[in-house]
Amino acid sequence: MTSVLSEPQPAPPSLRERVAKGALWSLIGQVLGQGLTMAASVVAARLLGDIGYGEYGIITSTVGGFGVFAGLGLGATAIKYIAENRDKDPERAGRIVVLCNRVAVISGLLTGVALLLTAPALASSTLHAPHLANVLRLSSGLLVFNALMGSLSGVLAGLETYRTLAGIAFWRGLVAFPLMILGGWAYGLWGLVLGTVLASAAGWLLTQRAVNVECRKAALPLTGHQLSQEMQVLWNFSLPACLIGVVTTPVIWACNALLVNQPGGYSQMGILNAATQIRSAAMFIPAAIFQPLLPILCHELNREDQSAGSLRLHIINAYATWFLATSATAILLYLAGPIMWLFGPDFVAGKFALVLVLCSIPLMTYKDGIGRLIHAKGLIWMSFGSNVLLAVVLLAATYVLAPQGAVGLGYAYLIAYAVNVVVMVPLFLRKLGMVRVLGMDALLAVLLGLALIPGVLSNALGLGLGLQIVSALLTLGMLLAAAWLLHRWLAAA
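These numbers were taken from a predicted model, which means no experiment stands behind them.

This brings us to the overall build of the protein. In terms of regular secondary structure, the protein is built from 16 helices and 0 strands. Counting the 493 residues in the protein, one finds 53% classified as buried. As displayed, the protein has an accessible area near 21200 Å², and 69% of this comes from carbon and sulfur atoms.

Set out below in C-alpha cells:
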C-alpha cells in the first residue's frame, strides 16, 4: 500500500530564480509607481514654476532631514533580521516585525511633533521664507506615514514578497498622481504638499494590510511577548543604520539651505530639484532590478552552509548594477536639454546642472552594491564611517561652490561621491576579504568612465548634430566593451 503520510515537497526556488522573480516584480512596481509619481512631479513643476517647485524641493528636503530620526533605520533592520530568521526562527522574525512597527509609531509621532513645533523658526531664520511655515507644519504628517511605511516595507522585503510590494507601489502612484496634480492646480504649493501627505497615508494603509497578510502566510506570530530579547537589535543594527542617515540627510538639507540663501536661490533650487528627480528616475530601474539582492544576501551569507560568497554573485551584485546605471546615465546625457524642457522653459538653463547630477549615478550605484554586502554581513558601523566622510566632503564642497547655483551643487555631489568611493571601497573590500577584485574594479571603472566623457563634452561644448552622433558612437563602443568584459568574467567565475 502506498504511504500517504508525507507527500514529496516541491524543491525550494534556486538563488537564480529568487533573484529573477524578485527583480521582475520589483521592476514592475517601480516602473508603475515611480513612473506615475515622476509624471505628477513634471506637471507640478509646470504648475508652480521654478521658484514654487524650489520651495516644494526644500520642504521635501526638510521632511527628509527629520525623517532620518523618524525612520531610525528600521526598514534596513527589518530586512536583515527577517530575511535571516524567517525560516530558522519564525518566532524571532515575528518579534522583529512587532518591535520595528512599535518603534516606528513612537519615533514617527515624536518627530512629526518636533517639525510641527519648529516649523516657524525653520521657515523664518534658516530658509528665509516665513510664508512656508504653515506648509512645513502640514508636511509633518509625512514623517509619521513615511516612518511607518519604511518599517513595514522592510518587513515585506525581508519576506521577499516583491509582487506585493509592486502592487503597493502601483496603487500608491495611482493615488498620488491625481492628488498631487489637483492639489497643485487648485491650491498651489499648499495643495501639492497636501496631496503628497494623503498619498503617503494611503500607502501606509496598503502596506499595513499587506504585512498582516504576508506574515500569516509565512507563519510569523505577531505577538508582543518577550520583545525585550530583541532590544539589542536596536543598538547593534538600527542605531548605526539610523546614524548613517543622520550624518547625510541633514547635511543634504543644509546644502540645499545654503543654495536657497544665494541670490536667486529658490529658482536654482527648483532646477536642482528637477535634476534630482531625473536622477531618481534614472536610478530606479537598476535599483529595482537589484533591490531583491539585499534580503537574499542577508539570507544566504548568514547560513551555516552559505554558498553565496562567490565571485559570480559579486559581479551580479556590484558590477551589473554599475553597468546598467552607467548605460542609463550615458543615454540621458544626450537628452539633458529636452528633459529639462519638460519641466518648463525656466528649467532649460539648468541643463549642465542635470549633467553633473547624472554623472554621480554610477558612483552611487557601485557603492550601493558594495554596501549591500556590508549590510548583509552586519558590518553596519563601517557604512556609518563611510557616510561621515561623504557628509563632510559634501558640506565642504557645497560651502565653496554654492555661489555657482545648481551647477555648483552638481559639482559638490560629484566630488563627494568620487572621494567616498576612492577612499572607502578598498577598505570595504579588504574587510570582506575581496581585495583581489580591486583590479577588476579599476578596469571596469576606466571603461565606464570613458563611456560618459563624450556625453559630458557634448553638453559642455554644445556640439552640433554630426559631432553628437560621433560622440554617441564612442559612448556605445565603450559600453559594448564593458558588456563584453562582464560576460567574460561571468563565464569564468
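Back to the write-up after that little detour.
End to end, helix H5 (residues 162-217) covers just 14 Å across 56 residues, shorter than the expected 82 Å (1.5 Å per residue, more than 12% under). The largest bend along H5 reaches roughly 155 degrees and is located at Tyr 187. Where H5 ends, the next residue or the one after it, Ala 219, has phi of about 60 degrees, a positive value.

A complete count under the given rule lists 10 aromatic pairs for this structure. Three or more aromatic residues joined by ring pairs form one cluster here, namely Tyr 53, Tyr 56, Phe 343 and Phe 347. Over the face of the ring belonging to Tyr 81 we find Lys 80, whose NZ or CZ atom lies 5.7 Å from the ring centre. Over the ring of Tyr 413 we find Arg 279; its NZ or CZ atom is 5.3 Å from the centre of that ring.

Interaxial distance between helix H3 (residues 90-126) and helix H4 (residues 133-158) falls to 8 Å at its minimum, and their mutual angle equals 165 degrees. Classed by the angle they form, the pair H3 and H4 counts as roughly antiparallel. Remark: the crossing between H3 and H4 carries right-handed chirality. Within the contact of H3 with H4, the residues separate by chemical class into 19 nonpolar, 7 polar and 1 charged.

Turning our attention to the nonpolar core. Ranked by internal contacts, the top residues of the largest apolar core, which has 103 residues, are Tyr 319 and Phe 343. The greatest single-element share of this core, amounting to 12 residues, is contributed by helix H1 (residues 15-71). The next biggest cluster of nonpolar side chains, apart from the first, holds 34 residues, and it includes Leu 74, Ala 78, Ala 104 and Ile 168.

With respect to the helices, strands and loops of the structure, Arg 95 is situated in helix H3. Looking at Arg 95, the relative accessible area reads 9%, which means it is buried. Residue contacts for Arg 95: discarding those within four places in its chain leaves Pro 221, His 225, Gln 226, Leu 227, Gln 229 and Glu 230.

This next bit is on the side chain of Ser 458. Structurally, the position occupied by Ser 458 is in helix H15 (residues 438-461). With residues up to four places along the chain from it excluded, the contact list for Ser 458 reads Tyr 334, Leu 463, Gln 468 and Ser 471.

A separate point is a nonpolar patch on the surface. Side chains of Tyr 411, Ile 415, Val 419, Val 422, Val 423 and Leu 427 sit close together on the surface and give an oily, nonpolar patch of about 470 Å² of accessible area. Among the secondary structure elements, Tyr 411 is positioned in helix H14 (residues 406-431).

To continue, consider the packing of helix H13 (residues 380-401) against H14. Running from amino to carboxyl end, H13 crosses H14 at an angle of 155 degrees, the nearest separation of the two axes being 8 Å. As summarised for this structure, H13 and H14 are arranged roughly antiparallel, according to the angle between their axes. In terms of crossing hand, the pair formed by H13 and H14 is right-handed. Among the residues making up the contact of H13 with H14, the classes are represented as 19 nonpolar, 5 polar and 1 charged.

A separate point is unusual backbone geometry. Positioned with a positive phi, Ala 219 is a non-glycine residue whose angle comes to about 60 degrees. Looking at where Ala 219 falls in the secondary structure, it is placed in the loop between H5 and helix H6 (231-260). The exposure class assigned to Ala 219 is exposed, which follows from its relative accessible area of 54%.

This paragraph deals with the layout of surface pockets. Its volume calculated, the second largest pocket comes out at about 370 Å³. When contributions to the lining of the second largest pocket are tallied by element, the ones reaching two or more residues are helix H12 (361-376), H14 and H15. A per-element tally of the lining of the second largest pocket places H15 first, with 7 residues. Taken together, the residues of the lining of the second largest pocket sort by class into 16 nonpolar, 1 polar and 1 charged.

A few words on empty space enclosed by the protein. The tally for this structure, following the rule as stated, stands at 2 cavities of 30 Å³ or more. Size it by volume and the second largest cavity reaches roughly 50 Å³. Lining of the second largest cavity is provided by Thr 248, Val 251, Ile 252, Leu 390, Ala 391, Leu 394, Tyr 413 and Tyr 417. Taken together, the elements giving at least two residues each to the lining of the second largest cavity come down to H6, H13 and H14.

Now for the pattern of salt bridges. Close approach of charged atoms lets side chains of opposite charge pair. Applying the stated criterion across every chain, the model contains 1 salt bridge. Here Glu 214 and Lys 217 are joined by a salt bridge, their closest N and O atoms 3.8 Å apart. Taken together, the residues span about one helical turn, with Glu 214 and Lys 217 both in helix H5 at a distance of 3 residues. Judged by relative accessible area, Glu 214 falls into the buried class, the value being 11%.

Turning our eyes to something else, we now look at the environment of Leu 189. By the secondary structure assignment, Leu 189 is in helix H5. For Leu 189, a relative accessible area of 13% gives the class buried. Once the C-alpha coordinates of Leu 189 and Glu 55 are considered, the two residues, 134 residues apart in sequence, prove to be 7.9 Å apart. For Leu 189, the contacting residues outside a window of four places in its chain are Leu 48, Gly 52, Glu 55, Tyr 56, Ile 59, Leu 132 and Val 135.

Procedures and definitions
- Residues numbered from 1 in each chain as written.
- Predicted model: local features only at pLDDT ≥ 70, side-chain atom pairs only at ≥ 80, totals over all residues.
- Heavy atoms only, no water.
- Helix = DSSP H or I, 4+ residues; strand = E, 2+ residues; numbered from the N terminus.
- Buried < 20%, exposed > 50% of the residue type's maximum accessible area, 1.4 Å probe, protein only.
- Areas by Shrake-Rupley, 256 points an atom, 1.4 Å probe, with all protein chains shown as cover.
- Expected span 1.5 Å × (residues − 1).
- Bend = angle between axes of the 7 residues up to and from the residue.
- Phe/Tyr/Trp six-rings, centres within 6.5 Å; stacked < 30°, edge-to-face > 60°.
- Lys NZ or Arg CZ within 6 Å of the ring centre and 35° of its normal.
- Axes fitted to C-alpha atoms, helices over the stretch in contact; angles between N-to-C directions.
- Parallel < 35°, antiparallel > 145°, perpendicular 65-115°, else oblique.
- Left-handed = near helix turned anticlockwise from the far one by under 90°.
- Nonpolar A, V, L, I, M, F, W, Y, C, P; charged D, E, K, R; others polar.
- Core = buried A, V, L, I, M, F, W, Y, C linked by side-chain atoms within 4.5 Å.
- Contact = heavy atoms within 4.5 Å.
- Patch = residues over 30% accessible without salt bridge, like charges linked within 9 Å, V, L, I, M, F, W, Y side chains within 5 Å.
- Salt bridge = Lys/Arg side-chain N within 4 Å of Asp/Glu carboxyl O.
- 1 Å grid on protein atoms, 1.4 Å probe; cavity = no way out; pocket = protein on both sides within 12 Å on 5 of 7 lines; lining within 4 Å.
- Points joined across faces, edges and corners; volume = space filled by probe spheres on them.

Remember that the coordinates give geometry; whether it matters functionally is a separate question.
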